[in-house]
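One letter stands for each residue in the lines below.
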Amino acid sequence: MEGRVVAAHGRQYVVQLADGTLLPCFPRSKKSEVACGDRVDIQRTSDDQGVIEAIQPRTSLLYRSNEIRQKLIAANVDQVVFVVATEPGFSDELVTRALLAAESEEIEPLIVLNKCDLTDKLPAARGQLAVFAGLGYRILELSARDHAEDLRPYLQGHTSVLVGQSGMGKSTLVNALVPEARAATREISAALDSGKHTTTHAALYHLDAESQLIDSPGLQEFGLGHLDRQEIELAFREFRPYLGQCRFRDCRHDREPDCALLAALEAGTIDSRRFAIYHRIMGTQRAG
Ligand code: GDP
Ligand code: ZN
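The notes below deal with the structure included here. (Residues numbered from 1 in each chain as written. Chains lettered and ligands numbered in written order. Predicted model: local features only at pLDDT ≥ 70, side-chain atom pairs only at ≥ 80, totals over all residues. Heavy atoms only, no water.)

**Regarding the overall build of the chain**
Item 1. Regarding its fold elements, the chain presents 9 helices and 13 strands.
Item 2. For 288 residues, the compact-globule formula gives about 19 Å, and the C-alpha radius of gyration of the chain, at 20 Å, lands near that figure.
Item 3. Over its C-alpha atoms, taken along the principal directions, the chain stretches across nearly 65 × 45 × 30 Å.
Item 4. Of all intrachain contacts in the chain linking residues separated by at least 6 positions in sequence, the fraction that spans at least 24 positions is 66%.
Item 5. When the accessible area of the chain is evaluated, it comes to approximately 14,100 Å², of which 48% is carbon and sulfur surface.
Item 6. In the chain, 33 side chains carry a positive charge and 40 a negative one; their mean positions are 5 Å apart. (Helix = DSSP H or I, 4+ residues; strand = E, 2+ residues; numbered from the N terminus. Rg over C-alpha atoms; globule rule 2.2 N^0.38 Å. Contact = heavy atoms within 4.5 Å. Areas by Shrake-Rupley, 256 points an atom, 1.4 Å probe, with all protein chains shown as cover. Lys, Arg positive; Asp, Glu negative; His and termini not counted. Charge placed at Lys NZ, Arg CZ, Asp CG, Glu CD.)

Structure (structure tokens):
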């Protein structure tokens, strides 16, 4: 049987079958890494349990990593919606890192600035996002509390994943856009056979026949240890015109003479904060 993973919590998954029913499943092998959004082949082992035999080829996989392991966020998405807010404060480095992960998987990014009703905080938040706007990233300003619907046209026809630090308003958005989300969450929790999983899992919701929305748990870190130097450099979209233009082929863009990136930094076409983030990421990267 085939199905789609609609919830992931640790090594427990909920798979939605073709007829819509939800089946709790475990992966067959200890090593297999299944993500919310994966299309899988399963075998029913009992009335209310199944085993994931295989993961079908993915069109995309959004993930982050630290030194120890990879954390799969969502599979088969074509859009990542990164939610920030006017308050509490957000980390623009986290936004940068999530955008890099999206770029490396060719997933279309959209930044949502939530809580725009808090007008006194709006200019500072806009200022923090100006660098992304300057790079051509789409930024949607809204207020999830009263105008979550503003996001719906952007989700139409896509499988999107919502990513962000906690407190930015992801749940508010999901509950407004998917009225049955609370019920679905309860159903999924029941399928996982425990109420304690309600807040920490990733879950896929159907918006309409062509549009799905995956909600992912709030995050505070976005490690990119799975990307090598070349992938990171390409993911900084403003670096692309300069790559391969340095005097040295293995240029680290640090102190080398005739470095095209350092020249662009000097000229102001590359933002200094972005450049600092690049070096910070490279400092923790495996050789590549
Ligand atoms: P999550 O952790 O990202 O899921 O964030 P929540 O959806 O739980 O929202 C965090 C807090 O921000 C809650 O107290 C919400 O009521 C509040 N909040 C969400 N959206 C808005 C908004 O558009 N305006 C204002 N003022 N508060 C909001
Ligand atoms: Zn260089």
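**Comments concerning the pairing of strand β2 (residues 12-17)**
Item 1. With 5 of 6 residues buried, β2 lies mostly within the body of the structure.
Item 2. Two strands pair when backbone bridges link them, and strand β1 (residues 2-9) and β2 are joined in this way by 6 bridges, in the antiparallel orientation. Each bridged residue has a counterpart across the sheet, and for G3 the counterpart in β2 is L17.
Item 3. Hairpin remark: β1 followed by β2, antiparallel, with 2 residues in the connecting loop; positive phi at G10, about 60°.
Item 4. As paired elements, β2 and strand β3 (residues 22-27) share 4 bridges and run antiparallel to each other. Across the sheet, the residue bridging to V14 is P24, located in β3.
Item 5. Between β2 and β3, which pair antiparallel one after the other, the connecting turn spans 4 residues, and G20 there sits at a positive phi close to 95°. (Buried < 20%, exposed > 50% of the residue type's maximum accessible area, 1.4 Å probe, protein only. Pairing = 2+ DSSP bridges.)

**Let's talk about the environment of R182**
Item 1. Looking at the element boundaries, R182 is found in helix α6 (residues 181-191).
Item 2. Between the C-alpha atoms of R182 and S171, which are 11 residues apart in sequence, the distance is 9.8 Å.

**Details of the site of ligand 1**
Item 1. Around ligand 1, 14 residues are found, and the nearest of them are D117, G167, K170, S171 and T172.
Item 2. Here an oxygen atom of ligand 1 and a side-chain polar atom of K115 are 2.9 Å apart.
Item 3. Side-chain polar atom of S171 to an oxygen atom of ligand 1: 2.3 Å apart, as the coordinates give it.
Item 4. The protein chains hide 73% of the 580 Å² of surface that ligand 1 would expose on its own. (Near = heavy atom within 4 Å. Polar contact = N/O pair within 3.5 Å; in protein donor to acceptor, adjacent residues only side chain to side chain.)

**With respect to the packing of aromatic side chains**
Item 1. Scanning the model with the defined rule gives 5 aromatic pairs in all.
Item 2. Taking the centre distance of 5.4 Å and the plane angle of 75° together, the rings of F239 and Y278 count as edge-to-face. A residue pair is termed long-range when its members are at least 10 positions apart, and F239 in the loop between α7 (229-235) and α8 (260-267) and Y278 in helix α9 (residues 272-283) qualify at 39 residues. A single burial state applies to F239 and to Y278, both of which are buried.
Item 3. Aromatic rings pair up to connect F236, F239, F275 and Y278 into one cluster.
Item 4. Positioned over the ring face of Y137 is R237, at 3.8 Å from the centre of the ring. (Phe/Tyr/Trp six-rings, centres within 6.5 Å; stacked < 30°, edge-to-face > 60°. Lys NZ or Arg CZ within 6 Å of the ring centre and 35° of its normal.)

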